[in-house]
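Next come the chains, spelled out residue by residue.
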Amino acid sequence: AQSVTQPDIHITVSEGASLELRCNYSYGATPYLFWYVQSPGQGLQLLLKYFSGDTLVQGIKGFEAEFKRSQSSFNLRKPSVHWSDAAEYFCAVGPTGGFKTIFGAGTRLFVKA
Amino acid sequence: KAGVTQTPRYLIKTRGQQVTLSCSPISGHRSVSWYQQTPGQGLQFLFEYFSETQRNKGNFPGRFSGRQFSNSRSEMNVSTLELGDSALYLCASSPAPGQGAYEQYFGPGTRLTVT
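Residues numbered from 1 in each chain as written. Chains lettered and ligands numbered in written order. Predicted model: local features only at pLDDT ≥ 70, side-chain atom pairs only at ≥ 80, totals over all residues. Heavy atoms only, no water.

*Asks:* Residues and numbers for the overall build of chain A, please.
*Replies:* In terms of helices and strands, chain A carries 0 helices and 12 strands. Computed over its C-alpha atoms, the radius of gyration of chain A comes to 13 Å, within 12% of the 13 Å expected for a compact globule of 113 residues. By residue count, 47% of the 113 residues in chain A fall in the buried class. Sequence separation of at least 24 residues holds for 53% of the intrachain contacts in chain A that already meet a minimum separation of 6. (Helix = DSSP H or I, 4+ residues; strand = E, 2+ residues; numbered from the N terminus. Rg over C-alpha atoms; globule rule 2.2 N^0.38 Å. Buried < 20%, exposed > 50% of the residue type's maximum accessible area, 1.4 Å probe, protein only. Contact = heavy atoms within 4.5 Å.)

*Asks:* With reference to specific residues and values, describe the interface of chain A and chain B.
*Replies:* In this complex, chain A contributes 20 residues to the contact, which on the side of chain B involves 19 residues. Carbon and sulfur atoms supply 59% of the area buried between chain A and chain B, which totals about 1800 Å² over both sides. At the boundary of chain A with chain B, the tally comes to 1 salt bridge. The closest approach of N and O atoms between Lys 49 of chain A and Glu 103 of chain B, which form a salt bridge, is 3.3 Å. The tally of links from chain A across to chain B stands at 3 residue pairs in polar contact (both at pLDDT 80 or more). (Buried area = accessible area lost by both parts, 1.4 Å probe. Salt bridge = Lys/Arg side-chain N within 4 Å of Asp/Glu carboxyl O. Polar contact = N/O pair within 3.5 Å; in protein donor to acceptor, adjacent residues only side chain to side chain.)

*Asks:* Run through the pattern of salt bridges, naming residues and quoting values.
*Replies:* Summed over the entire model, instances satisfying the criterion amount to 11 salt bridges over all chains. We note a salt bridge from Asp 85 of chain B to Arg 63 of chain B, for which the minimum N-O separation is 2.8 Å. Highlighted residues: Asp 85 of chain B in the loop between β8 (74-78) and β9 (87-94) and Arg 63 of chain B in the loop between β6 (53-57) and β7 (64-68), separated in sequence by 22 residues. Shared partners join several salt bridges into a network, and the residues in it are Glu 64, Glu 66 and Arg 77 of chain A.

*Asks:* Kindly report on the nonpolar core, identifying the contributing residues and their values.
*Replies:* All names here are of chain A. Leu 19, Trp 35, Leu 47, Leu 48, Phe 74, Leu 76 and Tyr 89 are the most contacted members of the largest nonpolar core, which totals 27 residues. Of all the secondary-structure elements, those providing two or more residues to this core are β2 (10-14), β3 (19-21), β5 (32-38), β6 (44-50), β8 (64-68), β9 (73-78) and β10 (87-96). At 4 residues, β10 tops the list of elements feeding residues into this core. If near-sequence neighbours (up to four positions away) are discounted, Leu 19 is found in contact with Ile 11, Val 13, Phe 63, Leu 76, Arg 77, Lys 78, Val 81 and Leu 109. (Core = buried A, V, L, I, M, F, W, Y, C linked by side-chain atoms within 4.5 Å.)

*Asks:* Could you give an account of the sheet that holds β8 of chain B, with specific residues and numbers?
*Replies:* Residue and element names in this part refer to chain B. An order of β1-β3-β8-β7 is seen for the 4 strands of this open sheet, with the pairing classed as antiparallel. Two strands in the sheet have a free side with no partner beyond their single neighbour: β1 (5-7) and β7. On average, each strand axis in the sheet is tilted by 20° relative to the strand beside it, whichever way the strands run. (Pairing = 2+ DSSP bridges. Axes fitted to C-alpha atoms, helices over the stretch in contact; angles between N-to-C directions.)

*Asks:* For the packing of aromatic side chains, give the residues involved together with the corresponding values.
*Replies:* Residues and elements named next belong to chain A. In this structure the tally under the stated criterion is 15 aromatic pairs over all chains. An angle of 50° between the planes, with centres 5.5 Å apart, marks the rings of Tyr 36 and Phe 103 as tilted. Of this pair, Tyr 36 sits in strand β5 while Phe 103 sits in strand β11 (residues 100-103); the two residues are 67 residues apart in sequence, bridging distant segments of the chain. Of the two residues examined, Tyr 36 and Phe 103, each falls in the buried class. (Phe/Tyr/Trp six-rings, centres within 6.5 Å; stacked < 30°, edge-to-face > 60°.)

*Asks:* Give a detailed account of the state of the cysteines, specifying residues and quantitative values.
*Replies:* Residue and element names in this part refer to chain A. Evaluation of the coordinates by the stated rule reveals 2 disulfides over all chains. Across a sulfur-sulfur distance of 1.9 Å, Cys 23 and Cys 91 are joined as a disulfide pair. Residues Cys 23 and Cys 91 are joined by a disulfide whose S-S torsion is about -65°; by sign, that bridge is left-handed. With a gap of 68 residues between them, Cys 23 in the loop between β3 and β4 (24-26) and Cys 91 in strand β10 connect regions that are remote in the sequence. (Disulfide = S-S within 2.5 Å.)

*Asks:* Outline the environment of Ser 51 of chain B, supporting the account with residue identities and numerical values.
*Replies:* All names here are of chain B. If you trace the backbone, Ser 51 turns up in the loop between β5 (42-50) and β6. Not counting chain neighbours up to four residues away, the residues in contact with Ser 51 comprise Arg 30 and Gln 68. Side-chain polar atoms of Ser 51 contact the side chain of Arg 30, separated by 3.1 Å.

Encoded structure:
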């Protein structure tokens, strides 16, 4: 069955430090992969997406992610975290059967001064 | 382009009542999906509509229903509300079929509280 796993429920990073959020997926075919960010009380915003081609994709707000087929991973990275990056981050894969996108459980990022 | 809009933003209802939530997708987007988000269950898929047809439905009871209009606007309805229906209801729209079809653009959500 298709699934998305985000192993870390929450992560705390110092401002200015680098960040890596992990995402593993289970999917039978070549997936479309996404990262979304959600600030408290808000909807989700698309950070970046991977459909095909270059396995390192750039997104908004200085984020990037790398698709590794051999590891079934799509980890999100940022070289230097800002306090405004504190939010919840969701990895997603689609389309699954019936045009459905599956979301991971999310990783909450805390940024300390 | 204007983003996805959802109305109302906040709603308080009593157990047993019914509620209708509205979603207007981004202009030109024909697919609309609905999600329920709670602290315990995370993001759960409710249903997806494309060109007024429900293409997929999540594992929710029949009290949850939806529809899409010819202008792609969508509504979802929850009848006989239960306390456990308290959640943030998110609507997302996607472009027409094609490689970009599975990018989703979310509205701010409707916060429903059932007392």
